[in-house]
Amino acid sequence: MAWDFETEPEFEEKLTWMRSFVKEEIFPIETLKLSYDQVVAFIRPLQDEVKSRGLWAAHLPPELGGMGFGQVKLGLMHEILGQTPYGPVVFGNNAPDSGNAELLAAGMEMTGREDIRERWLQPLLDGAMRSGFSMTEPNTAGSDPRLLKTSAVRDGDEWVINGRKWYTTNGSVADILIVMAVTNPDVHPYQGSSMFVVPVNTVGVTILRDVGAMDHPDVEYGRFGNHAEILYQDVRIPADHLIGPEGSGFLLAQTRLGPGRIHHCMRWLGQSQRAFDMMCERALSRFTHGSLLAEKQTVQNWIADSAAEMQAARLMTLHAAWKMDKVGASASRDEIAMIKYYGASVLHNVVDRALQTYGSLGYSADMPLEGMYRAARAARIYDGPDEVHRQTVARHALKRYNPSEIPSDHIPTRAAAAREKFAGMLEFLETEKV
Ligand SMILES: Cc1cc2nc3c(=O)[nH]c(=O)nc-3n(C[C@H](O)[C@H](O)[C@H](O)COP(=O)(O)OP(=O)(O)OC[C@H]3O[C@@H](n4cnc5c(N)ncnc54)[C@H](O)[C@@H]3O)c2cc1C
């Protein structure tokens, strides 16, 4: 009977250490207003501590310096790290660097090219290089990457890239950008797109701006976590900056996005739990209209619904992670799609209820909830808008059914069939007056 909800004791010990490390050492840094360089100075010693415990960049296989944990363990880890924006950075698995490292590793595996490790992968893993993932364009629908317009044309020993991208997270602090471009417009987009490493200082790369957004409305150029708009104008890069075989862009994207979604969902759960803790504390502390908030049924409903939704999202996400470990990302597509939209909505709803419980204090920047709410809103858009994932799940579910003019459960039709099936029995009962 292999149906087990326990974490093995050795790994539970690691999780216990992570919980206290994140709370004691990382939470306090959140409250300081720091420049990018100051953040780096603060987190370097913490990163060294993580490295010395063998927990650095755990998402990668051991031959690439990771831990080979598999998705369930990584998921449990991300639930803890996701409680604070600096958690993943301290553990060497923050987006987009971790996903980009996975892309580079997948490219290495597909081509057997060892040089990729030394040039880009190792520096990314060491935290000596920063990266951005440049796929979404302002003028085509990011929800359907088959529509991408950015092109890469082979010219001798070089590729020439032209296009405009935006929302390249960390683009303005990155050393390299991983760019998705159309390399063959004459075949199906699934075979006609490729990914490239583009060093930011290449001639023709212009970071136009950091886009002001809900997470940073008063954007200050060059901050960690900003989203850059980038113009690629006759950008020439050597042919060996292609990652994986030509035409493998979608395949690579799939490699990156499957595990990434599990980690996102577990990080969202970490944030939901934080918001939940804040909500419960306030409910027990605020007195109004003759009783504590904790005694009002509406607030109790918020607490009960949040607890149930978080539990459901957690089990769904760990199940998706388990399935991915067993049968791979492709066979787990529905589970991964489900946790994307379900997890994003749970995060949004729990943070929203917590914020409401705090009233004006929740809306104020004296509590982290307003920032968490803005970040939660983005979760419904990035990593593929929720509607696209819902569509995937619904499409696959519908494939298991056939149209029927008379509904299969139409009671008069079923009754007629049952009368025919049991005619002998019915006749016997009637004759015997049973
Ligand atoms: C905080 C944040 C960080 C991001 N970071 C990156 C990054 O690092 N790199 C990068 O390349 N991109 C990044 N993105 C971009 C993100 O991937 C895109 O925003 C996303 O893919 C949606 O594309 P779009 O914005 O062009 O929306 P559109 O494609 O224009 O879609 C708009 C809306 O249409 C609806 N819709 C779309 N398809 C369907 C459908 N089939 N059925 C029903 N409704 C539908 C959805 O509600 C959707 O929100 C980031 C976005 C955010 C918000």
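Residues numbered from 1 in each chain as written. Predicted model: local features only at pLDDT ≥ 70, side-chain atom pairs only at ≥ 80, totals over all residues.

A. Region of interest: the overall build of the protein chain. Assigned secondary structure in the protein chain consists of 15 helices and 10 strands. By residue count, 39% of the 434 residues in the protein chain fall in the buried class. Once local pairs closer than 6 in sequence are excluded, the contacts in the protein chain between residues at least 24 apart make up 71%. (Helix = DSSP H or I, 4+ residues; strand = E, 2+ residues; numbered from the N terminus. Buried ≥ 20, exposed ≤ 12 C-beta atoms within 10 Å, placed from the backbone. Contact = placed C-beta atoms within 7 Å.)

B. Inspection of helix α1 (residues 9-30) at higher detail. For α1, spanning 22 residues, the distance from its first C-alpha to its last is 31 Å, which sits close to the expected 32 Å at 1.5 Å a residue. All buried positions along α1 are accounted for by Lys14, Met18, Phe21, Val22 and Ile26. Buried residues belonging to α1 abut α2 (36-52), α3 (71-81) and α4 (87-90). (Expected span 1.5 Å × (residues − 1).)

C. Seen up close, the nonpolar core. Counting 99 residues, the largest nonpolar core has Ile161, Val179, Phe196, Val198, Ala275, Val351 and Ala354 as the members making the most contacts within it. The greatest single-element share of this core, amounting to 14 residues, is contributed by helix α10 (residues 333-358). Those residues within four positions of phenylalanine 196 in sequence are excluded, and the remaining contacts are Ala152, Trp159, Ile161, Val179, Ala181, Ile237, His241, Leu242 and Ile243. (Core = buried A, V, L, I, M, F, W, Y, C linked by C-beta atoms within 7 Å.)

D. Layout of the pairing of strand β4 (residues 176-182). Buried residues dominate β4, accounting for seven of its seven residues. Of the pairings in the sheet, the one linking strand β1 (residues 131-134) to β4 comprises four bridges and is parallel in character. Bridged to serine 131 within β4 is isoleucine 176. Relative to strand β5 (residues 193-199), β4 is paired through seven bridges, and the arrangement is antiparallel. Paired with methionine 180 across the bridge in β5 is methionine 195. (Pairing = 2+ DSSP bridges.)

E. Layout of the site of the ligand. Near the ligand lie 20 residues; those nearest to it are Met135, Ala141, Gly142, Ser143 and Glu387. Only β1, β3 (158-169) and α13 (386-399) provide two or more residues apiece to the shell around the ligand. Grouping the constituent residues of the shell around the ligand by class yields 10 nonpolar, nine polar and one charged. Two domains each provide a minimum of three residues to the shell around the ligand, namely domain 2 (131-249) and domain 3 (254-399). (Near = placed C-beta within 6 Å. Nonpolar A, V, L, I, M, F, W, Y, C, P; charged D, E, K, R; others polar. Domains from an automatic or database assignment.)

F. Just unusual backbone geometry, in detail. Residues alanine 95 and proline 96 are joined by a peptide bond in cis, for which omega reads 0°. By secondary structure assignment, the location of proline 96 is in the loop between α4 and α5 (97-111). A positive phi angle, near 60°, is found at tyrosine 167, a position not held by glycine. With respect to the helices, strands and loops of the structure, tyrosine 167 is situated in strand β3. In this structure, aspartate 234 is a non-glycine residue whose phi angle is positive, near 50°.

G. The packing of α3 against helix α8 (residues 249-283), seen in detail. Viewed as axis vectors pointing N to C, α3 and α8 meet at an angle of 35°, and their least axial separation amounts to 7 Å. Considering how the two elements wind past one another, α3 and α8 form a crossing that is right-handed. Along the contact surface, α3 presents Gln71, Leu74, Gly75, His78, Glu79, Ile80 and Leu81, while α8 presents Pro259, Ile262, His263, Met266, Arg267, Leu269 and Gly270. Here the residues of the contact of α3 with α8 are counted per class, giving seven nonpolar, five polar and two charged. (Axes fitted to C-alpha atoms, helices over the stretch in contact; angles between N-to-C directions. Left-handed = near helix turned anticlockwise from the far one by under 90°.)

H. Examining the pairing of β3 more closely. In this sheet, β3 lies alongside strand β2 (residues 151-155) in antiparallel orientation, the contact comprising five bridges. Note on β3: the bridge partner recorded for aspartate 155 is glutamate 158. Hairpin connection between β2 and β3: a loop of two residues separates the two successive antiparallel strands, and glycine 156 in this loop has a positive phi of roughly 60°. With nine bridges joining them, β3 and strand β7 (residues 227-238) adopt antiparallel strand pairing. Among the inter-strand pairings, isoleucine 161 is bridged to a residue of β7, identified as valine 235.

I. Quick peek at the domain arrangement of the protein chain. Here the protein chain is described as being made up of domain 1 (9-116 + 118-125), domain 2 (131-249), domain 3 (254-399) and domain 4 (404-434). For domain 1 versus domain 2, the separation of C-alpha centres amounts to 24 Å. Taken residue by residue, the interface counts 14 residues in domain 1 and 17 residues in domain 2. Residue assignment for the side of domain 1 that touches domain 2 shows that the elements contributing at least two residues are α2, α5 and α6 (115-125).

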